[in-house]
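Each chain, written out:
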Amino acid sequence: MSTRGMSTTLDDPPPGTRPARPDPGRRRRAKPGTWRHALRRDWQLYSLVILPLLFFLIFRYAPMLGNVIAFRRFEPGGSIFGESWVGLRYVEMFLSDPTFWTVFSNTLILGGLTLLFCFPLPIVLALLLNEVRSRRMKRFLQSVSYLPHFLSMVIVAALVMQMLAIDGPINQIVKAFGGEATPFIQKAEWFRTIFVSSEVWQTVGWGTILYLAALTTIDEQLYEAARMDGAGRWRQIWHVTLPGIRPTAVTLLILNLGTFMATGFEKVLLLYNPLTYPTADVITTYLYRMGVESSSMSYAAAIGLFEALVGVVLIVSANFISRRTVGTGLW
């Protein structure tokens, strides 16, 4: 018998027998690289996501169903989804309301000023803290700059009002230099300055955390190569440091644009008064007065839906422009 014949005889099953079938009760192993394999391997880590997902599902996505009352007549004590369809009646109402366009322009101005000052200043502060060589001094400066973030908004508003009161420290200094006391809180022309200044004081220190973390990921060899090429400290910051933190800065800018229309509701609500409505009243506070105080839920829902759509357009546009120009985005 030839070797070829022996190989065929040994490899082939005996005549009249069937090849063994896989056991149907045996579990199929997930292929590496698939989501099933990752879920089975790291299920303990994925289980930590359950509570955050439930939070967003219950308190963020489920309330979106209430937007239907922007197109339905809502009556207190009736159905939570309204009584009857009215179409775009409430949309036409706020689009033809001059008060709405006043608060809309105030929102754009306050949001623009907040973004103009509160977005770049954390980057500047992070660069300055990164240049401090003394660890004790660096930790002290970080703690001092972070502290206002942990104060309640009510406390911050109370501090601002006490500082700017007629007999407060600011007016005492003004009187010491021969000036007259000014009721800053009651002056509409001073509200934007007060709001933006307090926002800078409260948020800039906290905003440096992510930038300081991004600075630690920059390779030190890049700085050494820049020094060998004769680059000074300013050129190192411009050509090495800023490009290194650019993805973080772009991501935070897109997120800030997403909340552009919801500028400082709590702080505005605590600081403004009827005398400062011309410059202080924003969409969120107008919604509060219309929906909660005046019980015009459908009208407030229509304005809130418009605000949300503007926010979506801003964040999608910012992400698209960032992808085309910088190459970095949220998705």
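Scroll up a little and you will see the structure.
Residues numbered from 1 in each chain as written. Predicted model: local features only at pLDDT ≥ 70, side-chain atom pairs only at ≥ 80, totals over all residues. Heavy atoms only, no water.

Throughout the structure, instances matching the rule amount to 15 aromatic pairs. When the centroid spacing of 5.5 Å and the interplanar angle of 55° are considered together, the rings of Phe-94 and Phe-306 count as tilted. One end of the pair, Phe-94, is in helix α5 (residues 89–95); the other, Phe-306, is in helix α17 (residues 297–325), with 212 residues separating them in the sequence. Residue Phe-306 is classed as partly exposed on the basis of its relative accessible area, which comes to 22%. When the ring of Phe-104 is compared with that of Phe-306, the centres are 6.0 Å apart and the planes differ by 55°; the resulting orientation is tilted. (Phe/Tyr/Trp six-rings, centres within 6.5 Å; stacked < 30°, edge-to-face > 60°. Helix = DSSP H or I, 4+ residues; strand = E, 2+ residues; numbered from the N terminus. Buried < 20%, exposed > 50% of the residue type's maximum accessible area, 1.4 Å probe, protein only.)

Glancing now at helix α11 (residues 188–215). With 28 residues, α11 extends 41 Å between its outermost C-alpha atoms, agreeing within 8% with the 40 Å of an ideal straight helix rising 1.5 Å per residue. Bending of α11 peaks at approximately 40° at the position of Thr-203. (Expected span 1.5 Å × (residues − 1). Bend = angle between axes of the 7 residues up to and from the residue.)

Our focus in this paragraph is the packing of helix α8 (residues 135–146) against α11. Here α8 crosses α11 at 130°, and the two axes come no closer than 7 Å. For the element pair α8 / α11, the angle class is oblique. Across the interface between the two elements, Gln-142, Ser-145 and Tyr-146 of α8 pack against Gly-205, Trp-206, Thr-208, Ile-209 and Leu-212 of α11. Tallied by class, the residues present in the contact of α8 with α11 amount to four nonpolar, four polar and no charged. (Axes fitted to C-alpha atoms, helices over the stretch in contact; angles between N-to-C directions. Parallel < 35°, antiparallel > 145°, perpendicular 65-115°, else oblique. Contact = heavy atoms within 4.5 Å. Nonpolar A, V, L, I, M, F, W, Y, C, P; charged D, E, K, R; others polar.)

By secondary structure assignment, the location of Leu-222 is in helix α12 (residues 220–228). The sequence separation of Leu-222 and Val-174 amounts to 48 residues, and the corresponding C-alpha distance is 50 Å.

This next bit is on the nonpolar core. Grouped together as the largest cluster of nonpolar side chains are 26 residues, with contacts concentrated most on Phe-94, Phe-100, Met-261, Ile-283, Tyr-286, Tyr-299 and Ile-303. Beyond its immediate chain neighbours, meaning those up to four positions away, Tyr-299 contacts Tyr-90, Met-93, Phe-94, Asp-97, Tyr-286 and Met-290. By size, the runner-up hydrophobic cluster in this structure holds 18 residues, among which are Leu-212, Ile-218, Ala-226 and Leu-252. (Core = buried A, V, L, I, M, F, W, Y, C linked by side-chain atoms within 4.5 Å.)

Our focus in this paragraph is the side chain of Arg-289. By the element assignment, Arg-289 lies in helix α16 (residues 283–293). For Arg-289, a relative accessible area of 12% puts it in the buried group. When residues no more than four places from it in sequence are discounted, the contact partners of Arg-289 are Tyr-272, Tyr-277, Asp-281 and Ser-294.

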